[in-house]
Amino acid sequence: MSNIFSGIKEAIKKFLSSTSPYEQSVEEFIRELQRILIKSDVNVKVVFEFTSKIRKRALEEKPPQGVSRRDWFIKIVYEELISLLGGEEELNVLPKKKPYVIMLVGVQGSGKTTTAAKLAWYYKNRGYRVGLIAADTFRAGAYEQLKQLAEKVGVEFWGDKGLNDPAEISRKGLEYHLSKKAEIIIIDTAGRHGYGEESKLIDEMKAIADAVKPDEVILVLDASIGQKAYDLAKKFHEATPIGSIIITKLDGTAKGGGAISAIAATGAKVKFVGTGEKVDEIEPFRPKNFASRILGMGDIEAILERVYSTMSQNELEEMADSLMSGNLNMKLIYKQIKQIRSMGPIGKILRMIPGLSMSLPEDEGALKVSEKKMDMWLNIINSMTYEEMEKPELLEREKSRIRRIAIGAGVAQEDVRELLNYYNYIKKLLKQLKRRKSLLKKFGGADEFLEEE
Ligand SMILES: Nc1nc2c(ncn2[C@@H]2O[C@H](COP(=O)(O)OP(=O)(O)OP(=O)(O)O)[C@@H](O)[C@H]2O)c(=O)[nH]1
């Protein structure tokens, strides 16, 4: 099966093993990528925007020292794919307010009814009181289906088979659930009005939205929807502003490209994905995971790891340089603490300074700081004035500053003093290291000499 997943993986393999010049390999990869995406039902406009971004970056960006252009290119593709899928950030799927009214829209069979129940299950399990409303008056079975699912999940249900105006049903349902103190109310709407009656469906969505003023309209899309997705998403979006998207049936063999187009058409982000028919088969969408899956993470993991570790190595070196240039202040300490989690402790940075690694104390205990303490210290530095950050010595001279900073950061004065001690320790250490380095320089062959020491 040549789908979006296997196709792109194959193209990457070809790109990495190609012996053509870099620019030519990029062009070849891009042409292949366009072909795969269009075949997987991604809208043509979306495809060209996406690939021209990749091409531009691939030709303009210069990889940092130690990273090959081909590895850097893979990183570009990975990042652009994540951005196409909605960006690095995971969406917050919990409601911003209570009560929160969600209206599900989408064409017939996309999985709205099932998804309504899945959402009810998801939120109920996170402690919310959920209510469901059956406002699909077109499909005869929809009412019973949702009612049964509501029972299965164990949430309140509202529907009225005697009514045939979905807006009225929704309004009454909302009243009912509010009287029951529901915190999240989910409305399942119709997906069809009969052949060629699309405009009627869109009018109906508008009427429901007018009646209940939903906090969020979610477009439910079947992953296999195909080329129609882009236009369809646009149409729904014009009637009721789509806040987010749920892609269903991602467990199937769908090509999945249509869903990507819909994301681009609405500018909305994917909130959840459905991965099966059961009510618990729903999960928040993670663009990063999905991008990895498309690219075949196993294959590119080593490359990305190489690129990112070389990048942090370069940053480490930069920091070592600025430490050695002598202007140690709290801003530098702040920056260092912020990066410590991804790069390692200051001891590691100091060890990178050429020729000085051997001069560091064996026991790095004094250089180690717990994560909790790091957060506290960041707080403390944030409570300093710019002048104090530049010249921490001011705190030694005027003790009232310590008190003010402690109050500002909500910590004890002792904690401020401890940070100051750490700062003084690093300062002393740097001074020793510098003296040693200049002495060795004076007598020649410093670096090599030290390395052999
Ligand atoms: N494999 C799989 N099947 C799903 C998923 N979500 C829904 N389905 C199935 O898709 C079919 C249609 O789902 P419904 O929830 O009835 O669709 P609907 O959008 O409410 O349909 P209308 O009421 O006609 O608009 C059902 O057989 C569901 O079991 C999913 O994530 N994975």
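Fair warning: this is a prediction, and the values are worked out from it, not measured in the lab. (Residues numbered from 1 in each chain as written. Predicted model: local features only at pLDDT ≥ 70, side-chain atom pairs only at ≥ 80, totals over all residues.)

**Observations regarding the overall build of the protein**
Now for step 1: When helices and strands are counted, the protein shows 20 helices and eight strands.
Now for step 2: Here the contacts in the protein between residues at least 6 apart in sequence split such that 75% fall between residues at least 24 apart. (Helix = DSSP H or I, 4+ residues; strand = E, 2+ residues; numbered from the N terminus. Contact = placed C-beta atoms within 7 Å.)

**Regarding unusual backbone geometry**
Now for step 1: Along the chain, Lys 98 connects to Pro 99 via a cis peptide bond; the corresponding omega equals -10°.
Now for step 2: With respect to the helices and strands, the residue Pro 99 is situated in the loop between helix 4 (69–84) and strand 1 (100–105).
Now for step 3: At Lys 181, a position not held by glycine, the phi torsion is positive, near 65°.
Now for step 4: Position of Lys 181 among the secondary structure elements: in the loop between helix 7 (166–179) and strand 4 (184–189).
Now for step 5: Of the residues examined, Lys 181 has 11 C-beta atoms within 10 Å and is grouped as exposed.
Now for step 6: Positioned with a positive phi, Lys 213 is a non-glycine residue whose angle comes to about 45°.
Now for step 7: Within the secondary structure, Lys 213 is located in the loop between helix 8 (198–212) and strand 5 (216–222).
Now for step 8: C-beta crowding within 10 Å serves as the criterion here: with 10 such atoms nearby, Lys 213 is assigned to the exposed category. (Buried ≥ 20, exposed ≤ 12 C-beta atoms within 10 Å, placed from the backbone.)

**Focus: the site of the ligand**
Now for step 1: Around the ligand there are 21 residues in total, and Gly 111, Thr 113, Thr 114, Gly 191 and Gly 274 lie nearest to it.
Now for step 2: Looking at the shell around the ligand element by element, the count peaks at three residues for helix 5 (residues 112–124).
Now for step 3: Taken together, the residues that form the shell around the ligand break down as one nonpolar, 13 polar and seven charged. (Near = placed C-beta within 6 Å. Nonpolar A, V, L, I, M, F, W, Y, C, P; charged D, E, K, R; others polar.)

**With respect to the nonpolar core**
Now for step 1: Counting residues in hydrophobic clusters, the biggest one holds 101 residues, and the most contacted among them are Ala 120, Ile 186, Leu 219 and Ile 245.
Now for step 2: Examining the composition of this core, we find that eight residues originate from one element, helix 4, more than from any other.
Now for step 3: Once residues lying within four places of it in the same chain are set aside, the contact partners of Ala 120 are Val 130, Leu 132, Ala 150, Val 153, Val 155 and Ile 186.
Now for step 4: Ranked by size, the runner-up nonpolar core spans 14 residues in total, among them Met 330, Met 376, Ile 405 and Leu 419. (Core = buried A, V, L, I, M, F, W, Y, C linked by C-beta atoms within 7 Å.)

**With respect to the sheet that holds strand 5**
Now for step 1: Overall, mixed pairing links the eight strands, which are arranged 3-2-4-1-5-6-7-8 in an open sheet. The two strands at the open ends of the sheet, each matched to only one other strand, are strand 3 (156–158) and strand 8 (282–284). Here the strands of the sheet are splayed against their neighbours by 25° on average, with no regard to which way each runs.
Now for step 2: Against the sheet, helix 6 (residues 142–153) touches strand 2 (130–135), strand 3 and strand 4, its axis set at about 170° to strand 2. (Pairing = 2+ DSSP bridges. Axes fitted to C-alpha atoms, helices over the stretch in contact; angles between N-to-C directions.)

**Some details on the environment of Ile 402**
Now for step 1: Among the secondary structure elements, Ile 402 is positioned in helix 18 (residues 399–409).
Now for step 2: On the basis of neighbour count, Ile 402 is assigned to the buried category, with 20 C-beta atoms found within 10 Å.
Now for step 3: In this structure the C-alpha to C-alpha distance between Ile 402 and Leu 420, which are 18 residues apart in sequence, comes to 9.7 Å.
Now for step 4: For Ile 402, the contacting residues outside a window of four places in its chain are Leu 395, Gln 413, Val 416 and Arg 417.

**Observations concerning the pairing of strand 5**
A regular strand places its side chains so that they alternate between the two faces of the sheet.
Now for step 1: Extensive coverage of strand 5 is indicated by the burial of six of its seven residues.
Now for step 2: One ladder, built from four bridges, connects strand 1 with strand 5; its direction is parallel. Each bridged residue has a counterpart across the sheet, and for Val 105 the counterpart in strand 5 is Leu 219.
Now for step 3: By the bridge criterion, five bridges tie strand 5 to strand 6 (residues 244–248) in an arrangement that is parallel. The residue bridging Leu 219 from the neighbouring strand is Ile 245, located in strand 6.

**Digging into the confidence of the model for the protein**
Now for step 1: Overall, the predicted model of the protein reaches an average pLDDT of 81, with 79% of residues at or above 70.
Now for step 2: Every residue in residues 353–359 is under pLDDT 50, and counting partners more than four places away or in other chains gives 16 contacts.
Now for step 3: This model gives residues 444–453 a pLDDT under 50, and the stretch forms twelve contacts once residues within four places in sequence are excluded.
Now for step 4: Interface predicted TM-score (ipTM) for the complex: 0.96; the corresponding pTM is 0.67. (pLDDT = per-residue confidence, 0-100.)

**Brief notes about the pairing of strand 6**
Now for step 1: In terms of burial, strand 6 is largely enclosed, as five of its five residues are buried.
Now for step 2: Burial along strand 6 is two-sided: Ser 244, Ile 246 and Thr 248 facing one way and Ile 245 and Ile 247 facing the other are all buried.
Now for step 3: Taken together, strand 5, helix 9 (residues 228–239) and strand 6 form a β-α-β motif whose crossover is right-handed. (Right-handed = clockwise from strand over helix to strand, strands pointing away.)

**Overview of the packing of helix 3 (residues 44–60) against helix 4**
Now for step 1: Interhelical geometry of helix 3 versus helix 4 gives an angle of 145° and a closest axis separation of 10 Å. The two elements helix 3 and helix 4 meet at a crossing, and its hand is right-handed. Contacts between helix 3 and helix 4 pair Phe 50, Lys 53, Ile 54, Arg 57 and Ala 58 from the former with Phe 73, Ile 76, Val 77, Glu 80 and Leu 84 from the latter.
Now for step 2: The residue inventory of the contact of helix 3 with helix 4, partitioned by class, reads seven nonpolar, no polar and three charged. (Left-handed = near helix turned anticlockwise from the far one by under 90°.)

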